[in-house]
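A closer look at the structure
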Amino acid sequence: MVSLIEKTSLGKNYPIILCTSILLFGVYQWTTAIAGMYLCFMYRDKLAFSNLTFILLAAAILSFVFLGYYNGNITVQMVLFYTITSFTFYYIGCYIVDKCKTQSEMLYIFTLIIIAMALPHIVVTVIDIFEVGLVNPDRILTSISGNDNGQRSVTQRTVEISLCIGAISFFFIKPKNKLQDKTKRLLVIAAVICELCSLHYVSRTGIAILCIGLIIGLLFSWGVSFKSCAILLILFLGYTYVQNSELYQVFADRNTDYSNVSNVGLRTVRWEWGLEEIQRHPYGSTTYQNAIHSFAHNFWIDYGKISGIIPFVLLIVFSLRNLYQTLAVGFKRIGLMSYFAFAFTPIFIATLMTEPIHEGAPVYMFVYILYAGMINRLASYSSIPEVIAR
């Protein structure tokens, strides 16, 4: 890993190694805290920590952990974990943009990070396929940490492979150099494997993310091409085949009078209930049962239920700020990074809107913060240097 990253001219590569180690091996909490404090102390570019994006992030995270701790929903260990890990991942996002010499390198490093997040779930899913078969309609899975909370394991797996699934959009880009070609191959292979994993445990979210990725790819392929027509034909034939298969019936069985497409699998009902909880408890619920269980399947509402309206509003403003900067980067037309911004932001939004990140996959939030750091750094350029625009 060290020599691989050194080839991309990153120089000191410890932030990237730390990030991939966290995602691959679960090197959490105290290890992350110590390393994070060291990284933040050593980072000499104060611009990364003195802009509106970081101020919003810091205010949102600090209000979340301290109000949550006051309510008894968050322990001291979680306060340190959430605070320092969030700042560390934001720093790593800025660091990637600062140290990479080309946009191809930025995308390549981000690709390694999202594959590192998905890889443990791929391994566990393959093991599950050997045990129960190609499809697991009961959706009872063992988590990567070995616990038997099957539903939480499904949620965590769906969320943490979603970026790889959505990266199918890179199938439509035309590589301009060997590194871009290598990155494209990695992303497309990871997308196919992760989508097959999501089909194994009957994830409707996985199919929705795949469709979003394909739509993005088709929109940015600039017109009708042979590749676009071929992929649409394959999808049509695949849908025709699946519609008459046992797999289609398994997905159909998940739709009931109460849980269907119209209410996003009961999520709209959960969102309404979650907003009512925030209104009843503006500083967070003091009842653990109300705050933690029956999650709203929405990143912003779930964090608001735990710690109240202050982090709820601040996280929304932080995400809107990230969306604004995504548009700024995208419309600068700086090549690969413009596509990068438009390709991953919809995937993040779709997943954060529909899944319980705090309970199911908090690491996904940290990768979202890393991504926000990258976008913020790219947006800070008044003009993109020629070497970066390659």
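This one's a predicted model, so the numbers in the text were calculated from it and none came from an experiment. (Residues numbered from 1 in each chain as written. Predicted model: local features only at pLDDT ≥ 70, side-chain atom pairs only at ≥ 80, totals over all residues. Heavy atoms only, no water.)

**So, the overall build of the protein**
A count of helices and strands for the protein gives 19 helices and zero strands. For the protein, the residues scored as buried account for 53% of the 390 residues in total. The contacts of the protein with a sequence gap of at least 6 include a subset with a gap of at least 24, amounting to 76%. Total accessible area computed for the protein in this model is approximately 17900 Å², and 66% of it derives from carbon and sulfur atoms. (Helix = DSSP H or I, 4+ residues; strand = E, 2+ residues; numbered from the N terminus. Buried < 20%, exposed > 50% of the residue type's maximum accessible area, 1.4 Å probe, protein only. Contact = heavy atoms within 4.5 Å. Areas by Shrake-Rupley, 256 points an atom, 1.4 Å probe, with all protein chains shown as cover.)

**Let's talk about the environment of Ile92**
Position of Ile92 relative to the elements: it lies in helix α5 (residues 76–99). Since its relative accessible area comes to 0%, Ile92 is described here as buried. Linking Ile92 and Met374, residues 282 residues apart in sequence, is a C-alpha distance of 8.2 Å.

**Comments concerning the packing of helix α16 (residues 309–331) against helix α17 (residues 336–354)**
It is the contact of α16 with α17, at a shortest axis distance of 7 Å, that shows an interaxial angle of 155°. As far as their axial angle goes, α17 and α16 are roughly antiparallel. Like other packed secondary-structure pairs, α16 and α17 cross with a definite hand, here left-handed. Together, Leu323, Thr326, Leu327, Val329, Gly330 and Phe331 of α16 and Met337, Ser338, Ala341, Phe342, Thr345 and Ile349 of α17 make up the contact between the two elements. In terms of residue class, the contact of α16 with α17 is built from eight nonpolar, four polar and no charged. (Axes fitted to C-alpha atoms, helices over the stretch in contact; angles between N-to-C directions. Parallel < 35°, antiparallel > 145°, perpendicular 65-115°, else oblique. Left-handed = near helix turned anticlockwise from the far one by under 90°. Nonpolar A, V, L, I, M, F, W, Y, C, P; charged D, E, K, R; others polar.)

**Topic: α5**
Over its 24 residues, α5 extends 34 Å from the first C-alpha to the last, a length consistent with the 34 Å expected when each residue adds 1.5 Å. For α5, the buried fraction is high: 18 of the 24 residues fall into the buried class. (Expected span 1.5 Å × (residues − 1).)

**A look at a nonpolar patch on the surface**
Together, Ile316, Leu320, Leu323, Leu327, Phe331 and Ile349 make up an exposed nonpolar region whose accessible area comes to about 510 Å². Per-element accounting of the nonpolar patch gives the leading share, five residues, to α16. Judged by its relative accessible area of 52%, Leu320 is exposed. (Patch = residues over 30% accessible without salt bridge, like charges linked within 9 Å, V, L, I, M, F, W, Y side chains within 5 Å. Salt bridge = Lys/Arg side-chain N within 4 Å of Asp/Glu carboxyl O.)

**Topic: the packing of aromatic side chains**
Scanning all chains against the criterion turns up 24 aromatic pairs. A centroid spacing of 5.8 Å and a plane angle of 40° characterise the contact between Phe89 and Phe366, whose relative ring orientation is tilted. Separated by 277 residues along the polypeptide, Phe89 in helix α5 and Phe366 in helix α19 (residues 362–379) bring together distant segments of the chain. Pair check on accessibility: Phe89 and Phe366 agree, each one buried. Seen from their ring centres, Phe110 and Phe340 are 5.2 Å apart, and the 90° between their planes marks the pair as edge-to-face. Of the two residues, Phe110 sits in helix α6 (residues 103–132) while Phe340 sits in helix α17, which places them 230 residues apart along the sequence. In this structure, Phe110 and Phe340 share a single accessibility class: buried. One residue, Lys184, lies across the ring of Phe171, its end atom 5.8 Å from the ring centre. (Phe/Tyr/Trp six-rings, centres within 6.5 Å; stacked < 30°, edge-to-face > 60°. Lys NZ or Arg CZ within 6 Å of the ring centre and 35° of its normal.)

**So, helix α9 (residues 178–200)**
With 23 residues, α9 extends 33 Å between its outermost C-alpha atoms, agreeing within 8% with the 33 Å of an ideal straight helix rising 1.5 Å per residue. Positive backbone phi, at 55°, marks Val202, one or two positions downstream of α9.

**Some points on the environment of Leu352**
Here Leu352 lies in helix α17. Owing to a relative accessible area of 0%, Leu352 belongs among the buried residues under this scheme. Separated by 13 residues in the primary sequence, Leu352 and Met365 have C-alpha atoms spaced 8.5 Å apart. Excluding anything up to four places from it in sequence, Leu352 contacts Asn298, Phe299, Trp300, Ile357, Tyr364 and Tyr368.

**Here's the deal with the side chain of Asp128**
Within the element layout of this structure, Asp128 appears in helix α6. Of the polar contacts made by the side chain of Asp128, one reaches the side chain of His200; its length is 2.6 Å. (Polar contact = N/O pair within 3.5 Å; in protein donor to acceptor, adjacent residues only side chain to side chain.)

**Section: the packing of α5 against α19**
It is the contact of α5 with α19, at a shortest axis distance of 7 Å, that shows an interaxial angle of 40°. α19 is crossed by α5, and the crossing has right-handed handedness. For the pair α5 and α19, contact is made by Phe81, Tyr82, Thr85, Ser86, Phe89, Tyr90, Ile92, Gly93, Cys94, Ile96, Val97 and Asp98 and by Pro362, Met365, Phe366, Val367, Ile369, Leu370, Gly373, Met374, Asn376, Arg377 and Leu378, respectively.

**Description of the pattern of salt bridges**
Across all of its chains, the model carries three salt bridges by this definition. A salt bridge links Asp98 to Arg377; the shortest N-O distance between them is 2.9 Å. Taken together, the residues span a long stretch of sequence, with Asp98 in helix α5 and Arg377 in helix α19 at a distance of 279 residues. Accessibility expressed as a relative area gives 28% for Asp98, which makes it partly exposed.

**Describing the side chain of Ser63**
Along the chain, Ser63 falls in helix α4 (residues 52–71). For Ser63, a relative accessible area of 13% translates into the label buried. A polar contact is formed between the side chain of Ser63 and the backbone oxygen of Ala60, at a distance of 2.9 Å. Aside from chain neighbours lying at most four places away, what touches Ser63 is Gly68, Ser307, Ile310, Pro311 and Leu314.

**Focus: the state of the cysteines**
Using the criterion set out here, one finds zero disulfides in the structure. Counting only cysteine sulfurs, Cys194 is the nearest neighbor of Cys197, a cysteine outside any disulfide, at a range of 5.8 Å. Exposure remark for Cys197: the relative accessible area of 7% places this residue in the buried category. (Disulfide = S-S within 2.5 Å.)

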